[in-house]
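Read off the chains here:
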Amino acid sequence: MLAITTLALSIGISISGSAVYAQSSSSTPSFVKPQQFQPLVDTAQSVTESSVKKDVSTEDISLTPQASRSLTATDDTYGGNTSPDQAITISSNTITEGYIAQQGESRWYKTSVSSNFKLTAYMAAGSTSTDYDLALYRLNSTNSTLEQVSLSTKGAGQYELLSYVATPGTYYISVTSYQGADTNNPFTLFTTQSDSYDQNEPDDNPWFAKDRGSVPFISQQNIDNALDEDWNKITLNAQSKVNLRLNNPSANGTYMLQVWNANLQSLGTLNQNADGQIVLPAGSYYLQVMAPSNFDLSTPYTLSVNYQNAAITRVAINEVVSDRGVQGFTDYGYGKKWRAGYNITVKGRAFDATGNPVANGLVTVGVKVQLNNKIITEVGTTDSMGYFAIPMNIGPAIGQYSFSAPASTHYFDIIQIAFGSGTNTVQSDISSLYHFAYSSR
Ligand SMILES: [Ca+2]
Ligand SMILES: [Ca+2]
Ligand SMILES: [Ca+2]
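Residues numbered from 1 in each chain as written. Chains lettered and ligands numbered in written order. Predicted model: local features only at pLDDT ≥ 70, side-chain atom pairs only at ≥ 80, totals over all residues.

Draft legend 1. Local environment of the overall build of the protein chain. A tally of helices and strands in the protein chain yields 1 helix and 32 strands. Counting over 441 residues, the protein chain shows a buried share of 37%. Long-range contacts, defined here as pairs at least 24 residues apart, represent 72% of the contacts in the protein chain between residues at least 6 apart. (Helix = DSSP H or I, 4+ residues; strand = E, 2+ residues; numbered from the N terminus. Buried ≥ 20, exposed ≤ 12 C-beta atoms within 10 Å, placed from the backbone. Contact = placed C-beta atoms within 7 Å.)

Draft legend 2. Structural detail: the sheet that holds strand E13 (residues 210-211). Here 5 strands make up an open sheet; going across it, the order is E13-E15-E20-E17-E18 and the pairing mixed. Taken across any chain shown, the strands that pair with only one partner, and hence form the sheet edges, are E13 and strand E18 (266-271). Note that strand E17 (residues 256-261) and E18 share 5 bridges and pair antiparallel. Of the residues in E18, the one forming a bridge with Trp-260 is Ser-266. (Pairing = 2+ DSSP bridges.)

Draft legend 3. Representation of the confidence of the model for the protein chain within the structure. For the protein chain, per-residue confidence averages 88 on the pLDDT scale, and 89% of positions sit at 70 or higher. This model gives residues 1-29 a pLDDT under 50, and the stretch forms 62 contacts once residues within four places in sequence are excluded. (pLDDT = per-residue confidence, 0-100.)

Draft legend 4. Local environment of the pairing of strand E26 (residues 362-368). The buried fraction of E26 amounts to 6 of the 7 residues, a majority that puts the element mostly inside the structure. Across 7 bridges, the pairing between E26 and strand E27 (residues 375-381) is antiparallel. Paired with Lys-368 across the strands is Ile-375, a residue of E27. Hairpin connection between E26 and E27: a loop of 6 residues separates the two successive antiparallel strands, and Asn-372 in this loop has a positive phi of roughly 60 degrees. Where E26 lies against strand E30 (residues 409-421), 5 bridges are found, and the strand directions are antiparallel. Paired with Val-365 across the strands is Phe-419, a residue of E30.

Draft legend 5. The sheet that holds strand E6 (residues 106-113), seen in detail. Sheet architecture is open: 6 strands sit in the order E3-E9-E8-E11-E6-E4, paired in mixed fashion. Of all the strands in the sheet, just strand E3 (61-62) and strand E4 (88-89) have a single pairing partner and so form its edges. Across 2 bridges, E4 lies against E6 in parallel orientation. In the strand pairing of E6, Ile-88 is matched with Tyr-109.

Draft legend 6. Geometry of the nonpolar core. Residues Ala-121, Met-123, Leu-136 and Tyr-255 are the most contacted members of the largest nonpolar core, which totals 53 residues. Residue-level mapping places this core at the junction of two domains, with at least three residues from each of domain 1 (20-49 + 198-308) and domain 2 (64-194). Setting aside anything within four residues of it in sequence, one finds Tyr-255 in contact with Ile-223, Leu-246, Asn-248, Gln-272, Val-289, Met-290, Ala-291 and Tyr-301. Core analysis: the second largest hydrophobic core is formed by 30 residues, Val-358, Val-367, Ala-418 and Phe-419 among them. (Core = buried A, V, L, I, M, F, W, Y, C linked by C-beta atoms within 7 Å. Domains from an automatic or database assignment.)

Draft legend 7. Geometry of unusual backbone geometry. Omega for the bond connecting Glu-201 with Pro-202 falls within 30 degrees of zero, at 0 degrees, which places this linkage in the cis form. At Asn-93, a residue that is not glycine, the phi angle is positive and equals roughly 60 degrees. With respect to the helices and strands, Asn-93 occurs in the loop between E4 and strand E5 (96-100). Classification of Asn-93 by C-beta neighbours within 10 Å gives partly exposed; the count is 15. Backbone geometry places Leu-264, a non-glycine residue, at a positive phi of 60 degrees.

Draft legend 8. Representation of the pairing of strand E16 (residues 240-247). By the bridge criterion, 6 bridges tie E16 to strand E19 (residues 275-280) in an arrangement that is antiparallel. Residue pairing across strands places Leu-244 opposite Gly-276, the latter belonging to E19. Pairing of E16 with strand E21 (residues 301-308), which is carried by 7 bridges, proceeds in the antiparallel orientation. Residue pairing in the sheet places Val-242 in a bridge with Tyr-307 of E21.

Draft legend 9. Spatial organisation of the environment of Phe-388. Looking at the element boundaries, Phe-388 is found in strand E28 (residues 387-393). Residues Phe-388 and Gly-348, 40 residues apart in the sequence, show an inter-C-alpha distance of 5.5 Å.

Draft legend 10. Structural detail: the environment of Ala-397. Counting through the fold element by element, Ala-397 comes out in the loop between E28 and strand E29 (401-404). The buried category is assigned to Ala-397, around which 24 C-beta atoms lie within 10 Å. Separated by 40 residues in the primary sequence, Ala-397 and Ala-437 place their C-alpha atoms 4.8 Å from one another. With sequence-adjacent residues up to four places away left out, Ala-397 is seen in contact with Val-369, Gln-370, Leu-371, Phe-412, Asp-413, His-435, Phe-436 and Ala-437.

Structure, rendered in structure tokens:
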């Protein structure tokens, strides 16, 4: 029996390195987007949603010039832009640094948008002990009011990111200290504008996440700039096994999925084009798609999320489809087995311990061929009726055994095949295949 440990599951892909550089286009500077990546956990602990929520003002602000206001020594040192009327004009794709001198203080910036672009703003505090938040306002010039159109209010140690599909006009950005101040380490502010973006924008943070409820979904979107993040919210009414897959066919962009609990604690990341499964207690969670290194505006990714209703304990194989003119459930003198060429598709159905089909379950199939004792594994997902079809390329056989058929002699190997689901071994009605090598007269 092929040990299940050899069925290396494509779950929990880890990324090494501590900091990731967000690249702007070649003509613009890059800067550190401070993120730590850990592999996706198998099972998450339940958390009590923080009872203390930030009391963040979402009110509009009147843009009344404060004529009587005079600059202080502090303003001279750390900037006088502590109110909207003193906002500093900033340009897209340019790093701006600033300081907050005391808790509760704000620094104001403004930028203009000339067309219906998506405006993205990123802010990182200079140290992890301060908690600064970010908000975006649109200037309503008819009544000189700043209307809040977006915000990002994560906790200390996390950067803030927001986006807004803008109409032409002037936009004001505030960086506000929720907790602490730091006159040694500046915060970093960066904005960019996108002329093309997906239909779910803006969705760059948990407050603007697309709410998917409790049902499976498939979402095709794109990453339109280096900072773009696409957030989804899911809600589980009971503990569930969640299947995650982020398909990205692009040769130029490299994406990643990160799972967050309701308190914005990371439950780990999953690389693109790999299957992930995580057991989550009842509650709300966030799924964040991002581009840690490079992105491809023109090639959409597909995020698929569904829920497995029970653990798979057994599979029944219906057919092994093969290339090279090899097929059928045949007896070459060592019992009836499926014949296999180079490219095969293993078709079957998965069941739980009570014999019910398992929908949306992960099935891993592994074979060990004679040539170099190579082990090949592939993962597939069952459909709503529990059926799966898993293609795999197992390569050539060496022809260890022979069988004299009426017209020719068939040479083949007997190779092991085994099944798993997540980290569990799964019973199967087959354990070996005839791996066809060649035939001769
Ligand atoms: Ca914050
Ligand atoms: Ca996007
Ligand atoms: Ca987005």
